[in-house]
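Here are the chains, one letter per residue:
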Amino acid sequence: MSIERIKSLANEMANDLTNNKMSRYADSLLAEISLLDHPDQQVEALRSMESACHVKAYGDLFLETLTGYEWPDKVSKLRSLCQAQISSRRQ
């Protein structure tokens, strides 16, 4: 599991947000993605992204707005990837 995989999924999600006129959320996610390029800020960025994927943040907020079932799957996947990456750093 790599930071690149997380960045790829997060960029895809940021595009989804932008395409659905949710630029504020997309910009926030893009800011966290950019921090992943700085090793000293990666864990903080991962924690922030993982937190944003909580059901009450990206999850429930967009279930009715973003069409299809892909969005909840993306949110869940990004959260899991971030959690796994954070856990691997602790070991």
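For the structure itself, look to the data block above.
In short, a report on the structure. What you see is a predicted model; the values in this text were computed from it and never measured. (Residues numbered from 1 in each chain as written. Predicted model: local features only at pLDDT ≥ 70, side-chain atom pairs only at ≥ 80, totals over all residues. Heavy atoms only, no water.)

Counted by the stated rule, this structure contains 6 salt bridges. Salt-bridge contacts for Lys 74 lead to Glu 70; the nearest nitrogen and oxygen are separated by 4.0 Å. Remark: Glu 70 and Lys 74 occur in helix H5 (residues 70–90); sequence separation between them is 4 residues, near one turn of the helix. Overall, Lys 74 belongs to the buried group, its relative accessible area being 10%. It is possible to trace a salt-bridge network through shared partners that takes in Glu 12, Asp 16, Glu 70 and Lys 74. (Salt bridge = Lys/Arg side-chain N within 4 Å of Asp/Glu carboxyl O. Helix = DSSP H or I, 4+ residues; strand = E, 2+ residues; numbered from the N terminus. Buried < 20%, exposed > 50% of the residue type's maximum accessible area, 1.4 Å probe, protein only.)

Phi at Lys 21 is positive, roughly 60°, even though this residue is not glycine. By the element assignment, Lys 21 lies in the loop between helix H1 (3–19) and helix H2 (23–35).

Attention shifts here to the packing of aromatic side chains. Under the criterion given, the structure shown has 0 aromatic pairs. The ring of Tyr 25 carries the charged tip of Arg 24 above its face, separated from the ring centre by 4.6 Å. (Phe/Tyr/Trp six-rings, centres within 6.5 Å; stacked < 30°, edge-to-face > 60°. Lys NZ or Arg CZ within 6 Å of the ring centre and 35° of its normal.)

Where helix H3 (residues 42–52) meets H5, the closest approach of the two axes is 9 Å, and the angle between their N-to-C directions is 145°. Pair H3 / H5 crosses with left-handed handedness. Along the contact surface, H3 presents Gln 42, Val 43, Leu 46, Arg 47, Met 49 and Glu 50, while H5 presents Leu 78, Arg 79, Cys 82, Gln 83, Gln 85, Ile 86, Arg 89 and Arg 90. Classifying every residue of the contact of H3 with H5 gives 6 nonpolar, 3 polar and 5 charged. (Axes fitted to C-alpha atoms, helices over the stretch in contact; angles between N-to-C directions. Left-handed = near helix turned anticlockwise from the far one by under 90°. Contact = heavy atoms within 4.5 Å. Nonpolar A, V, L, I, M, F, W, Y, C, P; charged D, E, K, R; others polar.)

You can see Arg 79 is positioned in helix H5. The class for Arg 79 is partly exposed, based on a relative accessible area of 27%. Ignoring any residue separated from it by four or fewer positions in sequence, one finds Arg 79 in contact with Glu 50, Cys 53 and His 54.

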